[in-house]
Amino acid sequence: DVKVTQSSRYLVKRTGEKVFLECVQDMDHENMFWYRQDPGLGLRLIYFSYDVKMKEKGDIPEGYSVSREKKERFSLILESASTNQTSMYLCASKSSTGELFFGEGSRLTVL
Amino acid sequence: QQPVQSPQAVILREGEDAVINCSSSKALYSVHWYRQKHGEAPIFLMILLKGGEQKGHDKISASFNEKKQQSSLYLTASQLSYSGTYFCGTGGSNYKLTFGKGTLLTVNP
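Residues numbered from 1 in each chain as written. Chains lettered and ligands numbered in written order. Predicted model: local features only at pLDDT ≥ 70, side-chain atom pairs only at ≥ 80, totals over all residues. Heavy atoms only, no water.

1. As for the packing of aromatic side chains
- Considering all chains together, one arrives at nine aromatic pairs over all chains under this definition.
- Centroid distance A:Y64 to A:Y89: 5.9 Å. Interplanar angle 65 degrees. Geometry classified as edge-to-face. Note that A:Y64 is positioned in the loop between strand 7 (54-57) and strand 8 (65-70) and A:Y89 in strand 10 (residues 87-94), a separation of 25 residues in sequence. Per residue, the accessibility class of A:Y64 equals that of A:Y89, and both read buried.
- The interplanar angle of 75 degrees and the centroid separation of 5.5 Å between the aromatic rings of B:Y34 and B:F99 together place this pair among those described as edge-to-face. Residue B:Y34 is found in strand 4 (residues 30-36), and its partner B:F99 is found in strand 10 (residues 97-99); the two are separated by 65 residues along the sequence. (Phe/Tyr/Trp six-rings, centres within 6.5 Å; stacked < 30°, edge-to-face > 60°. Helix = DSSP H or I, 4+ residues; strand = E, 2+ residues; numbered from the N terminus. Buried < 20%, exposed > 50% of the residue type's maximum accessible area, 1.4 Å probe, protein only.)

See below:
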């Protein structure tokens, strides 16, 4: 089975802290995505990557950056966390047939 | 830009049918449908590619009208297990995949 693992299920950070959210997939997928999920707003695309070291902005990239140094790992970085970044963050990788496999999510609270 | 889903919510009795619509203002190459149950990750239902094909999965099927940039998800003879939030995702010419705000489906006994 495909497995997408997000390193932290729950995080609590303070405003201004740097936050790293890690995502690892074990199926050699080329495309990976970071979404945030908020009530009533659905899944909003932050960044995506279609190859190692290749990244593209999604619809809401402001305040975020990403890193894809290895094919299996896609990291989301909040350089200076703010309270409006409190959210559920979902990582996904896409198979060659187009199916997305999601991780369990990382619930981030910024105080 | 997120695709627009309608309705936002629907309540059914077991055995009833439902249709969920998804439309985009941009040209589409693919439409993806996912279901998410509370507290869980979204699960893949189906993908429809440019070409107007219709797909089916048990009693759940979908259509894709690329000219109108619309897709519809059809749930027939709904079961309690169909409850959840349904998301459509739209893919353009690049690798980007954008989801809508979701449709909350509740199936009651």
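2. Structural notes on the confidence of the model for chain A
- Taken residue by residue, chain A gives an average pLDDT of 94. The fraction at 70 or more is 99%.
- Looking at the elements of chain A, mean pLDDT is at its lowest for strand 7 of chain A, recorded as 93, and at its highest for strand 12 (residues 106-110) of chain A, recorded as 98. (pLDDT = per-residue confidence, 0-100.)

3. Section: the environment of A:E30
All names here are of chain A.
- Within the secondary structure, E30 is located in the loop between strand 4 (23-25) and strand 5 (31-38).
- On the basis of relative accessibility, which here comes to 44%, the residue E30 falls in the partly exposed class.
- With 46 residues separating them along the chain, E30 and L76 place their C-alpha atoms 17 Å apart.
- Excluding its chain neighbours within four sequence positions, the residues that come into contact with E30 are S49, Y50, D51, R68, K71 and K94. (Contact = heavy atoms within 4.5 Å.)

4. Details of the pairing of strand 5 (residues 43-49) of chain B
Residues and elements named next belong to chain B.
- Bridge count for strand 4 against strand 5 is six bridges, and the pairing is antiparallel. In the sheet register, Y34 faces strand 5, and the bridge partner there is F44.
- Here strand 4 folds back onto strand 5, and the loop between the two strands holds six residues, one of which, G39, carries a positive phi near 80 degrees. (Pairing = 2+ DSSP bridges.)

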